[in-house]
Amino acid sequence: SGFVFFAIVGVIHQQHLFQPFLGWVLQLDPGSQPIAMFGASGLLSIVSDNVGGGRLVAEHLLACGRTRIAVVMGDPGYGAAHDRVTGAVQAFDAAGIGMLGGQALYGSWSEEWGRTAAGIVLAQHPDVDAVLCGSDQIARGVLDTLRESGRRVPDDIVAECRRRSTEVLIGG
């Protein structure tokens, strides 16, 4: 209710970041100010094509000759994580290969999870040649562990994600 004191001319709301304010946003009169919702399930909102994004990243890795591709995603409670895996699986199926390990690894959207997941992948599948990551934060953690393990990035292995932060090395 502290927002009552401000002159609001519009709202851009990203649901997972501002969940505490969702009730307040839904009470606004859309005729009095524009409201743009990003990624709000069940509401009229702007949603990115996560299936298409996952597919494009996987297709790029395949086009670069990578065939032993692990998939590391963020929180399994987010539809975006599952959608990106769905897109990647579509590309893998079209190429006639399976996802390394048969399933994606899910955790948090963090560098720490990326480091942990990369350790799991390397222990279980030492011949991995690519890791498709759900976010740039995960990719940074994956890259840390790959380098610490002595892997040459991008010669031996690559890590790629849909969001391309300048801090993430994209190799192929």
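The coordinates are above.
Before going into details, it helps to say that this report is about the structure given with it.

About the thresholds
Residues numbered from 1 in each chain as written. Predicted model: local features only at pLDDT ≥ 70, side-chain atom pairs only at ≥ 80, totals over all residues. Heavy atoms only, no water. Axes fitted to C-alpha atoms, helices over the stretch in contact; angles between N-to-C directions. Helix = DSSP H or I, 4+ residues; strand = E, 2+ residues; numbered from the N terminus. Parallel < 35°, antiparallel > 145°, perpendicular 65-115°, else oblique. Left-handed = near helix turned anticlockwise from the far one by under 90°. Contact = heavy atoms within 4.5 Å. Nonpolar A, V, L, I, M, F, W, Y, C, P; charged D, E, K, R; others polar. Salt bridge = Lys/Arg side-chain N within 4 Å of Asp/Glu carboxyl O. Buried < 20%, exposed > 50% of the residue type's maximum accessible area, 1.4 Å probe, protein only.

Where helix H2 (residues 50-63) contacts helix H3 (residues 79-95), the axes come no closer than 6 Å and their chain directions differ by 40 degrees. Taken together, the axes of H2 and H3 lie oblique to each other. Crossing hand, H2 versus H3: right-handed. On H3, the residues that touch Asn-50, Val-51, Gly-54, Arg-55, Ala-58, Glu-59 and Leu-62 of H2 are Ala-80, Asp-83, Arg-84, Thr-86, Gly-87, Ala-88, Gln-90, Ala-91, Phe-92 and Ala-95. Its residues assigned to classes, the contact of H2 with H3 shows eight nonpolar, five polar and four charged.

Below, the discussion takes up the pattern of salt bridges. Going through the model one piece at a time under the given rule, you end up with six salt bridges. Asp-156 is the salt-bridge partner of Arg-152, the closest N and O atoms lying 2.7 Å from each other. Judged by its relative accessible area of 29%, Asp-156 falls in the partly exposed class. Sharing partners across several salt bridges, the network here consists of Glu-111, Arg-115, Arg-140 and Asp-144.

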